[in-house]
Amino acid sequence: MKTVSIPRHVFTVIASVSLLAAAVSAQAANWRGWNIHPDGYPNTEALEAFSEAVAERTDGRVTPRVYNNAVLGDQSDAIEQTRNGALDFANFNMGPMGPIVPETDVFSLPFLFTDIDHMHRVMDGEIGERFADALESKGLVVLSWFDSGARSIYNTQRPIRTPEDVRGLKIRVMNNDLYVQMMAALGGNATPMAYGEVYQSLTTGVLDGAENNFPSFESSNHYEAAGYFSLTEHLIIPECLCVAKSSWDALSEEDQEIVRDEGMKASELQRALWVESSEESRQLVLDAGVEINEVDDKQAFQTLMEPMYEEFIANNPGTGELIEEIRAAQ
Ligand code: GTR
């Protein structure tokens, strides 16, 4: 058999070319991002601005792409997929985060924050960092915190003015047992369900109602089926812009800095757009004939939900102090 001798320098060239190729492909990260919302929603706009800016500033080393309308899976699924690196980034609500990162359950206690500014003070400060650490220990790096307004109950049957009006209603909640407890406290029947299934369930009568903020009530078209929106404003829940820890760790320090910086800018944009969008959506549903009512005696709702705190603190040692700290940041 004839042997061909290859000069040593050829090997060296081949080795360095393949090393280079490996380095380039290790650096070119095509990030897939999960987003539950449709085109035009404030969060979508912020995620898109983030993606564009990151691709540009990293010269294409990181090219994020956002997939809207939860096409990559429902929220609980997507949290798992991002934790294990199957997805690279996402905007998650802290409600369905609770079953995975129990520290975040505290945000699902009704009337924890008095208003959005209170929530910002907490999330943008040292307490927010502690939550970011808790998420990171579960595989999610928090770049920034987004708004999601205040959630209120809407339904197909009647205006909710007092807790008695909730009695017997089948209300969709996000995937977290605390919401089942919350609705039970009001005498309603909570049905945890994926966001994408709610519209049909409202139109077919499987559900009587759900709870959300104005932009989601509008963009999900739930307002077409549920004609009563009652300003219970029982939950103010922060959301994160998160990156999979594995995707984050694969970045150079320089690129991490760019991604973090753009994550912060995305949150500024999202928060600004949120204010406009909430008002626009409120007006749109009003024009479409939805009856919106204030709830004069929110205290009545709060009083019924209060025992949730005692139970929560008893089941989660140490959270009593945390709740005090959050309340003190008012
Ligand atoms: C929206 C939130 C989504 C999702 C949705 C829901 O307000 O931004 O992440 O949690 O509510 O009710 O499932």
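Before reading further, recall that the structure is shown in the block above.
Residues numbered from 1 in each chain as written. Predicted model: local features only at pLDDT ≥ 70, side-chain atom pairs only at ≥ 80, totals over all residues.

## Considering the site of the ligand
Item 1. Inspection of the region around the ligand gives Ile36, Gln75, Asn93, Gly95, Ser148, Met174, Tyr195, Asn212, Asn213, Ser216 and Glu239 as its neighbouring residues.
Item 2. Here the residues of the shell around the ligand are counted per class, giving three nonpolar, seven polar and one charged. (Near = placed C-beta within 6 Å. Nonpolar A, V, L, I, M, F, W, Y, C, P; charged D, E, K, R; others polar.)

## Quick look at the pairing of strand β1 (residues 29–34)
Item 1. Of the strand pairs in this sheet, β1 and strand β2 (residues 62–67) are connected by six bridges, and their pairing is parallel. Each residue of the ladder has a partner; that of Gly33, found in β2, is Val66.
Item 2. As a crossover connection, the stretch from β1 through helix α2 (residues 42–57) into β2 is right-handed.
Item 3. Strand direction decides the pairing type here: β1 and strand β3 (residues 89–93), joined by two bridges, are parallel. (Pairing = 2+ DSSP bridges. Helix = DSSP H or I, 4+ residues; strand = E, 2+ residues; numbered from the N terminus. Right-handed = clockwise from strand over helix to strand, strands pointing away.)

## Examining helix α3 (residues 75–83)
One turn of the α-helix equals 3.6 residues, which is why residues spaced by three or four share an orientation.
Item 1. Listing the buried residues of α3 in full gives Gln75, Ala78, Ile79 and Thr82. Taken around the axis of α3, the buried residues stretch over an arc of 105 degrees, which confines them to a single face.
Item 2. Following α3 by one or two positions, Gly85 adopts a phi angle in the positive range, close to 85 degrees. (Buried ≥ 20, exposed ≤ 12 C-beta atoms within 10 Å, placed from the backbone. Arc of directions from axis to C-beta.)

## Details of the sheet that holds β1
Item 1. Taking strand neighbours across the sheet as the criterion, the five strands line up as β2-β1-β3-β10-β4 in an open arrangement whose pairing is mixed. Because the sheet does not close on itself, it has two edges, and the strands there are β2 and β4 (140–146). Recorded for the sheet is a direction-independent mean angle of 25 degrees between the axes of neighbouring strands.
Item 2. Of the strand pairs in this sheet, β3 and strand β10 (residues 239–244) are connected by five bridges, and their pairing is antiparallel. Among the inter-strand pairings, Phe89 is bridged to a residue of β10, identified as Val243.
Item 3. Packed on one face of the sheet, α2 meets β1, β2, β3 and β4 and runs near 160 degrees to β2.
Item 4. Sheet strands in contact with helix α11 (residues 253–287) are β2, β4 and β10, and its direction is about 30 degrees off that of β4. (Axes fitted to C-alpha atoms, helices over the stretch in contact; angles between N-to-C directions. Contact = placed C-beta atoms within 7 Å.)

## Overview of the packing of α2 against α11
Item 1. Remark: α2 packs on α11, axes separated minimally by 8 Å, with the N-to-C direction vectors making an angle of 155 degrees. With respect to α11, the element α2 is oriented roughly antiparallel. Both α2 and α11 take part in a crossing whose hand is right-handed. Contact residues: Pro42, Asn43, Glu45, Ala46, Leu47, Ala49, Phe50, Ala53, Val54 and Arg57 in α2; Ile258, Val259, Glu262, Gly263, Ala266, Leu269, Gln270, Leu273, Trp274 and Ser277 in α11. (Parallel < 35°, antiparallel > 145°, perpendicular 65-115°, else oblique. Left-handed = near helix turned anticlockwise from the far one by under 90°.)

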